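Secondary and tertiary structure notes
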Amino acid sequence: MPQNAPIRAAAAGDVHIRDSNRDMIARAFGEVESDVDVILLAGDLTSHGDPAQAALLAEVSRPLSVPVVAVLGNHDLHEGRAGEVRQVLEDAGVIVLERECTVIEVRGTEVGIVGLKGFVGGFAGSNLPDFGEPQLREVYATTTADVEALDEGLRAISMCPVRIVLLHYSPTAETLEGEPAGIWAFLGSRRLAAPILEHAPDLVLHGHAHAGTFEGRIGEAPVYNVSVPVMGKDFWVFELTSERRPITPIH
């Protein structure tokens, strides 16, 4: 691929790997590998957080020649074994991020990726407040920690010519259109949008909302719901250039 060619990122969320679809997912990864520079997975990698299912994805990912970067989703936490799920994937070379960032180099261009699962909290008209029962305030505090980590991660990669945010939960209601409005509070939080609006990354990806809308926007940043049911295909390939300069203030 030419040195100045766009960086090509294949993205998907909610692959929910298990015995019955393992071969299909392996074929999809194999078909896209030769055409992209990185594979990005937006959570719900397994169907219910069984490390044995994570091992299936590890088998698929291990022979790939391009980096795979992933975040976990709510399904991956269901059995309370997220640490094991992460370890299995990392042993196969998958970069798993949770309130963390990584930088990969593609033909001399640094691509910064901030990754976290994100959490619930709602949007306009259905915001969870920091008030009331301790359990609800714990939920609010979890999302606060996510927002702070997202801001910190975007500052850390501010000098990268290409900057990507990888989430599971949505940071905008625009990509939830199609889901029942009554469950939007459980599909993401508008509070995640604040760091995105400030730092204007080149690409924001999430999954989780299987009946949502593919495309949205937060300020200058394009947001895509790459849940496989929404896309109607195994992967969506995004082309990114380094023409835009980072705008994050350096402190």
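Above: the structure in question.
A brief structural summary. (Residues numbered from 1 in each chain as written. Predicted model: local features only at pLDDT ≥ 70, side-chain atom pairs only at ≥ 80, totals over all residues. Heavy atoms only, no water.)

1. Remarks on the pairing of strand 5 (residues 100-106)
With seven bridges connecting them, strand 5 and strand 6 (residues 109-115) associate as antiparallel partners. Each bridged residue has a counterpart across the sheet, and for Glu105 the counterpart in strand 6 is Glu110. What sits between the antiparallel neighbours strand 5 and strand 6 is a turn of two residues, in which Arg107 has the positive phi angle 50°. (Pairing = 2+ DSSP bridges. Helix = DSSP H or I, 4+ residues; strand = E, 2+ residues; numbered from the N terminus.)

2. A look at the environment of Glu179
By the element assignment, Glu179 lies in the loop between strand 7 (162-166) and helix 5 (193-199). We classify Glu179 as buried; its relative accessible area is 12%. Residues Glu179 and Val165, 14 residues apart in the sequence, show an inter-C-alpha distance of 23 Å. Reaching out from Glu179, the side chain makes a polar contact with the backbone nitrogen of Ala211 at a distance of 2.8 Å. (Buried < 20%, exposed > 50% of the residue type's maximum accessible area, 1.4 Å probe, protein only. Polar contact = N/O pair within 3.5 Å; in protein donor to acceptor, adjacent residues only side chain to side chain.)

3. Looking at the pairing of strand 8 (residues 203-206)
Covered by surrounding structure in strand 8 are Leu203 and Leu205 together with Val204 and His206, the residues of both alternating faces. In this sheet, strand 8 lies alongside strand 7 in parallel orientation, the contact comprising three bridges. Paired with Leu166 across the bridge in strand 8 is Leu205. Handedness of the β-α-β unit built from strand 7, helix 5 and strand 8 comes out right-handed. With three bridges connecting them, strand 8 and strand 10 (residues 221-225) associate as parallel partners. Looking at strand 10, one finds that His206 is bridged to Asn225. (Right-handed = clockwise from strand over helix to strand, strands pointing away.)

4. Quick look at the sheet that holds strand 4 (residues 95-96)
Reading across from one edge, 4-3-2-1-11 is the order of the five strands in this open sheet, with mixed pairing throughout. Both outer strands of the open sheet, strand 4 and strand 11 (236-240), are each paired with one neighbouring strand and no more.

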